[in-house]
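Notes for the structure review
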Amino acid sequence: MFVLTSSQMREIDRKASQEIGIPEVVLMENAGFCVFEEIRKDFETLDDKNIAVFCGKGNNGGDGFVVARYLAQVCPNVKVFLFDENVTLISKVFLDILKRLEVDVSILSEELLLSLKTQRFDIIVDAIFGIGLSKDIDGLYKKAIEYINGSGAYVYSVDIPSGICSDSASVRGCAVKANKTVTFVYPKIGNILYPGSYYCGKVIVKDIGIPEKIIKDIKVKILTAEDLDISKFYRFPDSHKGDYGKVGIVAGSKYYPGAAVLCSNAAVQSGCGLCYLITPQEALYFQNLRKPEIVVLPLEGKEGVISFDGFVKFDEYLAKFDVLGFGCGLTKNEEVEKILIHILENFQIPIVIDADGLNTLSSSQKAKKLLANYKSQKVLTPHYMEAARILGVDVKDVAKSPIDAATKIASEFRAICVLKGSRTIITDGDEVFINVLGNPGMAKGGSGDVLTGIILSMIAQGYSAFEAAKLSVYLHSLSADILLEKKAMQTILPSDIIEGLDSAIRRLIEG
Ligand SMILES: NC(=O)C1=CN([C@@H]2O[C@H](COP(=O)(O)OP(=O)(O)OC[C@H]3O[C@@H](n4cnc5c(N)ncnc54)[C@H](O)[C@@H]3O)[C@@H](O)[C@H]2O)[C@@H](O)CC1
Ligand SMILES: Nc1ncnc2c1ncn2[C@@H]1O[C@H](COP(=O)(O)OP(=O)(O)O)[C@@H](O)[C@H]1O
Ligand SMILES: [K+]
């Protein structure tokens, strides 16, 4: 499913009306009716409800007038509150109809808002601002939104909760906290990314009669099972381990031995034929939880961290790997940088760089340049802070526009970027997928190491870096969601996510 920016939505509206000839009033009528239908579906009866519809002066308010008209046909207690009588031309069509039908329409003032505190509404429709929100909310708008949020009513937002920026999903001053948001054509970024997604409640996407053929060149999509290639999950009966690829992992240190265990355990649990773990000897003390299927190549370390001299002894192995993982739990020092540069200068293996591999990259101009020119597939898996370090920006800037940040990293390094967060973004610099599965039970140290292991395993099994990244992000969070059916968020561990891959893969295959 596509995800739109406000300008894409406007362009689609423009084409529908100017090129195809569908009048804008028809689209507004359809939008309002869709919202009404959703409300009618949710309640057995509406005639005993007290309903308020808050309408802004733009077209979002126009949708609100349509909703109010339909509601007034089935409910005697519908009140419309208008912020400004100076509404858009199309909205005026529907405001005039309301007036002719003698629906209760009032201009909202501070006094009127205060008097509403003694009334109780069962349902409130928020049609104050949609994709046209252009500045932070203040004044009477702010007070009305605070009133709506404190009212205890069941709240429907039209298109997007008022106060949420449809392009960044940020809260502009304050925002309506809806129970349900009915959006049109396709969801907007503000409906999908956080914090906007939280304010939306349940998001319902409705078709308002815009022909699909005018919706072109949309690059952002929600990641769904339909976007995944599972053809390589089929195993020929006479296949052998060599058919499922060799993963090499450079990970772990005296300080973070567990990261290496989680990453390599996840790799073997998700199907690669062989998995080799290159880790400093000093990290082995902790490895009793390591799966026995992993081949360990202990490396001579330096103060508990991998050393360049120790590492180059494994060059022969590196040449045989189908994919190399670099970074989980390595820590960051000059030796790690030297090793990364050595790999980038001397090998051409598909590479997945995570954690300290990314931190090393951020501070090494030489490694950055080599990576950009590295002639094999690359996947970078930063979380927001790691992305900020790579881009040399503040983490707030990444949070404000994560799609831009991920796209920039992918383009700069000609890599697949997996920008990890509550909504992980996967991009090759052109197409963008947003993952909407997963839960805060995953917000624990080690979840990222698990994801890296899965991506490595999928590349080893023959998937392209982009397909592997999509498939792995999906399975990783599907596993956590399945665990949530039986476990509390607090007790879901990254190691459980590894074990849960079994259910996740089976559920994906079975559909
Ligand atoms: N053909 C179309 O364009 C369609 C539009 N639709 C609806 O129209 C909406 C977009 O309508 P508009 O472009 O008129 O935009 P909005 O209705 O979202 O808001 C724009 C109006 O609010 C004012 N405004 C913005 N931010 C403000 C702030 N912080 N404080 C005070 N005033 C502020 C602007 O000056 C402008 O008057 C969509 O979200 C959707 O609900 C639907 O009817 C479907 C068809
Ligand atoms: N609130 C959340 N909802 C969904 N997924 C989450 C949430 N918090 C974290 N995750 C996922 O958990 C993983 C955390 O990775 P990362 O930050 O690299 O952790 P670590 O480096 O400690 O392993 C990412 O895949 C991320 O998408
Ligand atoms: K709204």
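The shown structure was predicted, so the numbers you read here are calculated from the model rather than taken from an experiment.

Reading the values: the criteria
Residues numbered from 1 in each chain as written. Chains lettered and ligands numbered in written order. Predicted model: local features only at pLDDT ≥ 70, side-chain atom pairs only at ≥ 80, totals over all residues. Near = placed C-beta within 6 Å. Helix = DSSP H or I, 4+ residues; strand = E, 2+ residues; numbered from the N terminus. Nonpolar A, V, L, I, M, F, W, Y, C, P; charged D, E, K, R; others polar. Pairing = 2+ DSSP bridges. Axes fitted to C-alpha atoms, helices over the stretch in contact; angles between N-to-C directions. Contact = placed C-beta atoms within 7 Å. Domains from an automatic or database assignment. UniProt positions renumbered as here; feature names shortened; annotations may be inferred. Right-handed = clockwise from strand over helix to strand, strands pointing away. Parallel < 35°, antiparallel > 145°, perpendicular 65-115°, else oblique. Core = buried A, V, L, I, M, F, W, Y, C linked by C-beta atoms within 7 Å. Buried ≥ 20, exposed ≤ 12 C-beta atoms within 10 Å, placed from the backbone. Left-handed = near helix turned anticlockwise from the far one by under 90°.

Digging into the site of ligand 2
Around ligand 2 there are 19 residues in total, and Gly438, Pro440, Ala443, Ser447 and Gly448 lie nearest to it. Put simply, the parts of the chain that give the shell around ligand 2 at least two residues each are helix 18 (447-460) and helix 19 (465-484). With four residues, helix 18 is the single largest residue contributor to the shell around ligand 2. Here the shell around ligand 2 is composed, by residue class, of five nonpolar, 12 polar and two charged.

Looking at the sheet that holds strand 6 (residues 180-184)
The parallel open sheet is built from seven strands, whose spatial order is 3-2-1-4-5-6-7. Two strands lie at the open edges of the sheet, namely strand 3 (104-107) and strand 7 (202-206), each paired on one side alone. Ignoring which end each strand starts from, the neighbouring axes of this sheet average 20 degrees apart. Here five bridges tie strand 6 to strand 7, and the two strands are oriented parallel to one another. Note on strand 7: the bridge partner recorded for threonine 181 is valine 203.

Quick notes on the sheet that holds strand 8 (residues 220-222)
Sheet strands pair via backbone hydrogen bonds, and the direction of the pair is either parallel or antiparallel. Strand order in the open sheet made by the 10 strands is 8-19-18-17-16-15-14-9-10-11, with mixed pairing throughout. Every other strand in the sheet has two partners, leaving strand 8 and strand 11 (295-299) as the edge strands with one partner each. Here the average twist between neighbouring strands, direction ignored, is 15 degrees. Across two bridges, strand 16 (residues 378-380) lies against strand 17 (residues 416-419) in parallel orientation. Following the sheet pairing, valine 379 is matched in strand 17 by isoleucine 416. Of the strands in this sheet, strand 9 (246-250), strand 10 (274-280) and strand 14 (323-326) are in contact with helix 9 (residues 257-269), which crosses strand 10 at around 175 degrees.

Things to note about the domain arrangement of the protein
Each assigned domain of the protein is listed with its residue range as follows: domain 1 (6-217) and domain 2 (225-231 + 239-510). Taken together, the contact between domain 1 and domain 2 spans five residues of the former and seven residues of the latter. Across the side of domain 1 that touches domain 2, the residue classes tally to three nonpolar, two polar and no charged.

Describing the site of ligand 1
Inspection of the region around ligand 1 gives 27 residues, with Gly58, Asn59, Asn60, Gly130 and Gly132 positioned closest. Of all the secondary-structure elements, those providing two or more residues to the shell around ligand 1 are helix 2 (24-42) and helix 3 (59-74). Sorting elements by how many residues they give to the shell around ligand 1 places helix 3 first, with five residues. Split into classes, the residues belonging to the shell around ligand 1 amount to 11 nonpolar, 10 polar and six charged.

Comments concerning the UniProt feature "binding site: K(+)" (unreviewed entry) in the protein
UniProt records the feature "binding site: K(+)" (unreviewed entry) for Asn60, Asp126 and Ser162 in the present numbering. These annotated residues cover 103 residues of sequence, and their C-alpha atoms lie no more than 9.4 Å from one another, placing them together at a single site. Checked against the element boundaries, asparagine 60 lands in helix 3. Not counting chain neighbours up to four residues away, the residues in contact with asparagine 60 comprise Ala127, Ile128, Phe129, Gly130, Gly132, Val158 and Asp159.

Regarding the pairing of strand 3
Relative to strand 3, strand 2 (residues 78-82) runs parallel, the two being bridged by four bridges. Looking at the pairing, phenylalanine 81 lines up with serine 106 of strand 3. In terms of handedness, the path from strand 2 via helix 4 (residues 89-100) over to strand 3 forms a crossover that is right-handed.

Considering the packing of helix 9 against helix 20 (residues 494-510)
Two elements in contact, helix 9 and helix 20, have axes whose closest approach is 9 Å; the angle formed by their N-to-C orientations is 10 degrees. Considering their axes alone, helix 9 and helix 20 lie roughly parallel with respect to each other. Contact with helix 9, carried on its side by Leu262, Asn265, Ala266 and Gln269, involves Pro494, Ser495, Ile498 and Leu501 of helix 20 and no other residues of that element. In the contact of helix 9 with helix 20, the residues fall into five nonpolar, three polar and no charged.

Looking at the nonpolar core
Grouped together as the largest cluster of nonpolar side chains are 168 residues, with contacts concentrated most on Val53, Phe54 and Ile249. If you tally residues by element for this core, the top one is helix 19, at 11 residues. Taken domain by domain, this core gets at least three of its residues from each of domain 1 (6-217) and domain 2 (225-231 + 239-510). Filtering out sequence-adjacent residues up to four positions away, isoleucine 249 remains in contact with Ala260, Cys263, Ser264, Ala267, Cys275, Tyr276, Leu277, Ile278, Gly325 and Leu456.

Let's talk about the environment of aspartate 122
Along the chain, aspartate 122 turns up in the loop between helix 5 (110-116) and strand 4 (123-127). With 17 C-beta atoms counted inside 10 Å, the residue aspartate 122 sits in the partly exposed group. Remark: the alpha-carbon pair of aspartate 122 and leucine 71, spanning 51 residues in sequence, is separated by 13 Å. Look past the residues within four positions of aspartate 122 in its chain and what remains in contact with it is Lys49, Asn50, Ile51, Ala153 and Tyr154.

Digging into the environment of serine 447
Position of serine 447 relative to the elements: it lies in helix 18. Of the residues examined, serine 447 has 22 C-beta atoms within 10 Å and is grouped as buried. Each C-alpha atom, one on serine 447 and one on serine 495, is 8.2 Å from the other, the two residues being 48 residues apart in sequence.

Some words on the packing of helix 18 against helix 20
Following both chains from N to C, one finds helix 18 and helix 20 inclined at 30 degrees, their axes separated by 8 Å at the closest point. Viewed along their axes, helix 18 and helix 20 adopt a mutual orientation that is roughly parallel. For the crossing formed where helix 18 meets helix 20, the hand is right-handed. Contact residues: helix 18 offers Ser447, Asp449 and Val450, while helix 20 offers Pro494, Ile497 and Ile498. A class-by-class count of the residues in the contact of helix 18 with helix 20 yields four nonpolar, one polar and one charged.

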